[in-house]
Amino acid sequence: STSLIAGLIGLALIVILMIILYRVPGIAAAIAMVFYAGAILVLLNAFNLTLTVSGIAGIILSIGMAVDGNVIINARIKEELSMGVPVEQAIKNGFRKSTSAILDGNITTLIVAVVLLIFGSGSIQGFGMTLAIGIVLSVFTSLIVSRLLVTAFFGMGAKSQGLYASVKKAKRKVFDFVGKRVIWFVVAIVCICAGIVAVVVNSASGRGAMNFSIEFVGGVSTTVEFDKDYSIDEFNNTIRTDIQDLIGSSDVEGQKVTGTTQYVIKTPQLEQETITD
């Protein structure tokens, strides 16, 4: 209940901030966010997905991206108004000019979600699934639902510029990112080439192309009951190090079962003899 209250307070603060900063578009964004939250719960229920901690993390991240999309749109509308564009045209220009930025950011994140679904296992796949669903919904709510709402408010009589933004003509300092594009291209190419070289070297050495953890490649989950109640620090400093020495791998995770002396210990795939030891 505490986490639910904290989440509702956080959502309320976001809604209030959006309305203060962007007025009518902020109200539209707040309604769109409520629609988004309801739609994602309906889809999770439709796909019969269990909402785990990692799944909640995926939803939170996609909510952040949905808010970000609405902020981009509203900021574009405000920029158009500051240049003296009429309100109706500013709304159209704001959505048109923000579409490419929203799609770019969401599509790249969607690719990450697909990679997690393909190569991950267990909780990683849960995170990837909720993130993918959330991204698709966030794009829909930002570009479709928000646009319909803002257009509807304008059609109902909210046509005054003051209802959309407080425009102050101020001299802005401009940084020429495009003019320095060659530098950024070189930096990006160097980083990409370094990653490719690392993948090739690791693969050639027999260690695998990438150092996947047990969350990606899977492993063994063992519930162990100890004769005393070990704290997390005690487990990590003593028992975990002993297990790492025994199996010859540092990829060991321990999760305490609340209210018991048990720990759920996750390791890579092991031989039966090693598990017994």
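Above: the structure in question.
Residues numbered from 1 in each chain as written. Predicted model: local features only at pLDDT ≥ 70, side-chain atom pairs only at ≥ 80, totals over all residues. Heavy atoms only, no water.

Observations concerning the overall build of the protein
Part 1: Regarding its fold elements, the protein presents nine helices and three strands.
Part 2: Across the protein, helices and strands are ordered from the amino to the carboxyl terminus as α-α-α-α-α-α-α-β-α-β-β-α.
Part 3: Within the protein, the proportion of its 277 residues that are buried is 30%.
Part 4: Accessible surface computed for the protein: about 17200 Å², of which carbon and sulfur atoms make up 66%. (Helix = DSSP H or I, 4+ residues; strand = E, 2+ residues; numbered from the N terminus. Buried < 20%, exposed > 50% of the residue type's maximum accessible area, 1.4 Å probe, protein only. Areas by Shrake-Rupley, 256 points an atom, 1.4 Å probe, with all protein chains shown as cover.)

As for unusual backbone geometry
Part 1: Of note in this structure, R23 is not a glycine but carries a positive phi near 60 degrees.
Part 2: Turning to its location among the elements, R23 is positioned in the loop between α1 (2-22) and α2 (24-46).

As for the packing of aromatic side chains
Part 1: Summed over all chains, the structure comprises four aromatic pairs.
Part 2: Aromatic pair F226 and Y263: ring centres 6.0 Å apart, planes at 70 degrees, arrangement edge-to-face. Separated by 37 residues along the polypeptide, F226 in the loop between β1 (220-225) and α8 (232-247) and Y263 in strand β3 (residues 262-267) bring together distant segments of the chain. As far as burial versus exposure is concerned, F226 and Y263 are alike and both buried. (Phe/Tyr/Trp six-rings, centres within 6.5 Å; stacked < 30°, edge-to-face > 60°.)

A closer look at the sheet that holds β3
Part 1: Taken in spatial order, the three strands make up an open sheet running β1-β3-β2, and their pairing is antiparallel. Every interior strand has two partners, whereas the edge strands, β1 and β2 (253-256), have only one. Neighbouring strand axes in the sheet, compared pairwise and without regard to direction, differ in orientation by 25 degrees on average.
Part 2: Sheet analysis places β1 next to β3, joined by six bridges and oriented antiparallel. Within β3, the residue paired with V224 across the bridge is Y263.
Part 3: Contacts from α8 reach β2 and β3 within the one sheet, and its direction differs from that of β3 by about 40 degrees. (Pairing = 2+ DSSP bridges. Axes fitted to C-alpha atoms, helices over the stretch in contact; angles between N-to-C directions. Contact = heavy atoms within 4.5 Å.)

Notes on a nonpolar patch on the surface
Part 1: On the surface, I5, I9, L13, I16, L17, I20 and L21 cluster together into a nonpolar patch covering about 690 Å² of accessible area.
Part 2: What makes I16 partly exposed here is its relative accessible area of 46%. (Patch = residues over 30% accessible without salt bridge, like charges linked within 9 Å, V, L, I, M, F, W, Y side chains within 5 Å. Salt bridge = Lys/Arg side-chain N within 4 Å of Asp/Glu carboxyl O.)

Let's talk about helix α4 (residues 87-119)
Part 1: Given a rise of 1.5 Å per residue, 33 residues ought to cover 48 Å, and the 47 Å separating the end C-alpha atoms of α4 matches this to within 8%.
Part 2: At T99, α4 shows its strongest bend, of approximately 35 degrees.
Part 3: Taken as a whole, α4 has its buried residues at V87, A90, I91, N93, G94, F95, S98, I102, N106, T109, A113 and L116. (Expected span 1.5 Å × (residues − 1). Bend = angle between axes of the 7 residues up to and from the residue.)

Here we look at the pairing of β2
Part 1: Pairing geometry for β2 and β3, over four bridges, is antiparallel. Paired with Q255 across the strands is V264, a residue of β3.
Part 2: Linking two consecutive strands that pair antiparallel, namely β2 and β3, is a turn of five residues; a positive phi of about 85 degrees is found at G259 within it.

A few points about the nonpolar core
Part 1: Judged by nonpolar contacts, the single largest core of 18 residues is most densely connected at I73, L81, V87, I91, F95, V150 and Y164.
Part 2: For this core, the secondary structure elements donating two or more residues are α2, α3 (53-82), α4 and α5 (123-155).
Part 3: For this core, the element with the highest residue contribution is α4, accounting for five residues.
Part 4: Apart from the residues lying within four places of it in its own chain, the contact partners of F95 are I73, I77, S142, L143, S146, R147 and V150. (Core = buried A, V, L, I, M, F, W, Y, C linked by side-chain atoms within 4.5 Å.)

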